[in-house]
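The primary structure of each chain is shown beneath.
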Amino acid sequence: MSVTVFIQGRNGATRWQPGKRWLLLPILLIAAGTGLYQHNAKQLTQQQANVDSERMAREEQKDELIALKSATETQLSMLVAHVARMQAKLTRLEALGQQVAVNNQLEDQFDFSSEVGVGGISELGTNIELDQLIADMDELVSRIDNNNVQLSLLETVASNLHIDEERYISGRPIQKGWLSSPYGLRNDPFNGKRTMHKGIDFAGKEGSDVIATAGGVVTWADKMFGYGELVEIDHGNGLSTRYGHNKALSVNVGDVVAKGDKIAVMGSTGRSTGPHVHYEVLRGGQQIDPQKYVYRKAG
């Protein structure tokens, strides 16, 4: 196939017939354009894939940072709550020490109400809450150290003044009544299951006196789960006694009581089936069999 082209000039039309190579030029141009388009499209696709990958990586990193921040805030909140509980317990301990000092007319020598001087300056900034928490913990340590010293001295003085001869535990926590449940394994009166009874029950008439079996300092005088209205007395040397299920209490935390003093009125509060006193003896915070103390000779 041949193509004839007429070119108009000054001297008339000139006949020109292109060769085959000129006929292939459009095809080559189309092929080159197609190749260039495919190459550019491939590059665009790769670039888009890279952008998507980077975006996903940033989103994953963002999610990890959010999770880390949430976990840190949760741990910080738990630590703050723990410090708050420590502060509450320490405040109660200071109140107990102050009350014991007042009861023994030693308040001029022992002061549990004044603040303990501490040092340190907290810088303002993004870590102000954490810095404040650390400062609170440092203050707690200082208060604990100070109170340990004062309580140790107060215990020595109070013992020499009042209760050294009377903190020998003996006898029953009632004047009238009978032993209704011994220490040891028994059938629980509420569910019938075999359980450990960590004290001795003395039944009697509601409203009768509950008395201290030894001299000491009252460390608890309030409701306690299961015990109802409870009195706990610290007798020193790691020994303490508990008197549970009372109708009413006759002492307050910090009171110094002598052996035989009335500390409560018999009742049936808490987990109880009738009027009685649940009596416990504890050594180092663990209940032991009170029987040998109940029936031992008076000191």
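Residues numbered from 1 in each chain as written. Predicted model: local features only at pLDDT ≥ 70, side-chain atom pairs only at ≥ 80, totals over all residues. Heavy atoms only, no water.

1. A few points about the overall build of the chain
For clarity, the threshold we go by: Under the DSSP-based scheme used, a helix requires at least four consecutive residues in state H or I and a strand at least two consecutive residues in state E, with every element numbered from the N terminus. The classification of residues rests on relative accessible area computed with a 1.4 Å probe and restricted to protein chains. Under 20% of the type maximum is buried, over 50% is exposed, and intermediate values are partly exposed. In what follows, residue pairs with any heavy atoms lying within 4.5 Å of each other are defined as contacts.
On a plain count of helices and strands, the chain comes out with three helices and 15 strands. Within the chain, buried positions represent 29% of all 299 residues. Contacts in the chain between residues far apart in sequence, at least 24 positions, make up 63% of those at least 6 positions apart.

2. A few points about the nonpolar core
Applied cut-off: To define a nonpolar core, start from buried Ala, Val, Leu, Ile, Met, Phe, Trp, Tyr and Cys residues and group those joined through side-chain atoms within 4.5 Å.
Membership of the largest hydrophobic core comes to 23 residues, with the highest contact counts inside it found for Val231, Ile233, Tyr243 and Ile263. When contributions to this core are tallied by element, the ones reaching two or more residues are β6 (200-203), β9 (228-236), β10 (239-246), β13 (262-265), β14 (276-283) and α3 (291-294). With three residues, β14 is the largest single contributor of residues to this core. Ignoring anything within four residues of it in the chain, the contact list for Ile233 reads Ala212, Gly216, Val217, Val218, Thr219, Leu239, Ser240, Thr241, Tyr243, Val257 and Ile263.

3. Points about the pairing of strand β8 (residues 216-224)
Here is the rule: Pairing between two strands is assigned when DSSP locates at least 2 bridges connecting them.
As judged from the two bridges shared by β8 and strand β12 (residues 256-257), these two strands associate in the antiparallel manner. Residue pairing across strands places Val217 opposite Val256, the latter belonging to β12. For β8 and β9, the ladder comprises seven bridges, and the chain directions are antiparallel. Looking at the pairing, Trp220 lines up with Glu232 of β9. Joining the antiparallel neighbours β8 and β9 is a turn of three residues, in which Gly226 adopts a positive phi near 90°.

4. Remarks on the packing of aromatic side chains
Selection criterion: Two aromatic rings, drawn from Phe, Tyr or Trp (for Trp, its six-membered ring), form a pair once their centres lie within 6.5 Å of each other, and the interplanar angle then sorts them: stacked below 30 degrees, edge-to-face above 60, tilted otherwise.
Here the structure, examined in full by the defined rule, presents one aromatic pair. Where Tyr243 meets Tyr279, the ring centres are 5.4 Å apart and the plane angle is 50°; that geometry is what we call tilted. One end of the pair, Tyr243, is in strand β10; the other, Tyr279, is in strand β14, and 36 residues separate them in sequence. This pair shows no difference in class: Tyr243 is buried, exactly as Tyr279 is.

5. A closer look at the sheet that holds strand β11 (residues 248-249)
The three strands are arranged β7-β13-β11 in an open sheet whose pairing can be described as antiparallel. Where the open sheet ends on each side, the last strands, each with one partner, are β7 (209-211) and β11. Here β7 pairs with β13 via three bridges, running antiparallel. Looking at β13, one finds that Asp209 is bridged to Val265.

6. Section: the pairing of β9
With respect to burial, β9 is a largely interior element, eight of its nine residues being buried. Inspection of the sheet shows β9 paired to β10 by six bridges, in the antiparallel sense. Residue pairing in the sheet places Glu232 in a bridge with Arg242 of β10. As consecutive antiparallel partners, β9 and β10 are separated by two residues, and within that stretch Asn237 has a phi angle of approximately 55°, a positive value.

7. What about a negative patch on the surface?
In plain terms, the rule: Exposure above 30% relative accessible area and the absence of a salt bridge qualify a residue for a patch, where like charges join within 9 Å and nonpolar side chains (Val, Leu, Ile, Met, Phe, Trp, Tyr) within 5 Å. Working definition of accessibility: Shrake-Rupley area with a 1.4 Å probe, residue cover restricted to the visible protein chains. A pair is scored as a salt bridge if a Lys or Arg side-chain nitrogen falls within 4 Å of a carboxyl oxygen belonging to Asp or Glu. Positive charges are assigned to Lys and Arg, negative charges to Asp and Glu, while His and the chain termini are left out of the count. Taken as the charge location is NZ of Lys, CZ of Arg, CG of Asp or CD of Glu.
Together, Glu59, Glu60, Asp63 and Glu64 give the surface a local cluster of negative charge. Take Glu64: it is sitting in helix α1 (residues 20-103).

8. Focus on the side chain of Gln287
Following the sequence through the fold, Gln287 ends up in strand β15 (residues 286-288). Leaving out residues up to four positions away in the same chain, Gln287 has contacts with Tyr183, Lys198, Tyr227, Arg242, Glu280, Val281 and Leu282.

9. A short note on the confidence of the model for the chain
As a reminder, the rule being used: A residue's pLDDT is simply how confident the predictor is in it, with values from 0 to 100.
Here the chain averages 76 in pLDDT, while 68% of its residues score no lower than 70. In the model, residues 116-128 has pLDDT below 50 throughout and makes nine contacts with residues more than four positions away in sequence or in other chains.

10. A closer look at the pattern of salt bridges
In total, this model carries five salt bridges according to the counting rule given. Of the charged contacts in the structure, one is a salt bridge between Asp201 and Arg186, with a shortest N-O distance of 3.4 Å. Here Asp201, found in strand β6, pairs with Arg186, found in strand β4 (residues 184-187); they are 15 residues apart in sequence, far enough to count as distant. Overall, the relative accessible area of 6% leaves Asp201 in the buried class. Given the relative accessible area of 23%, Arg186 is considered partly exposed.

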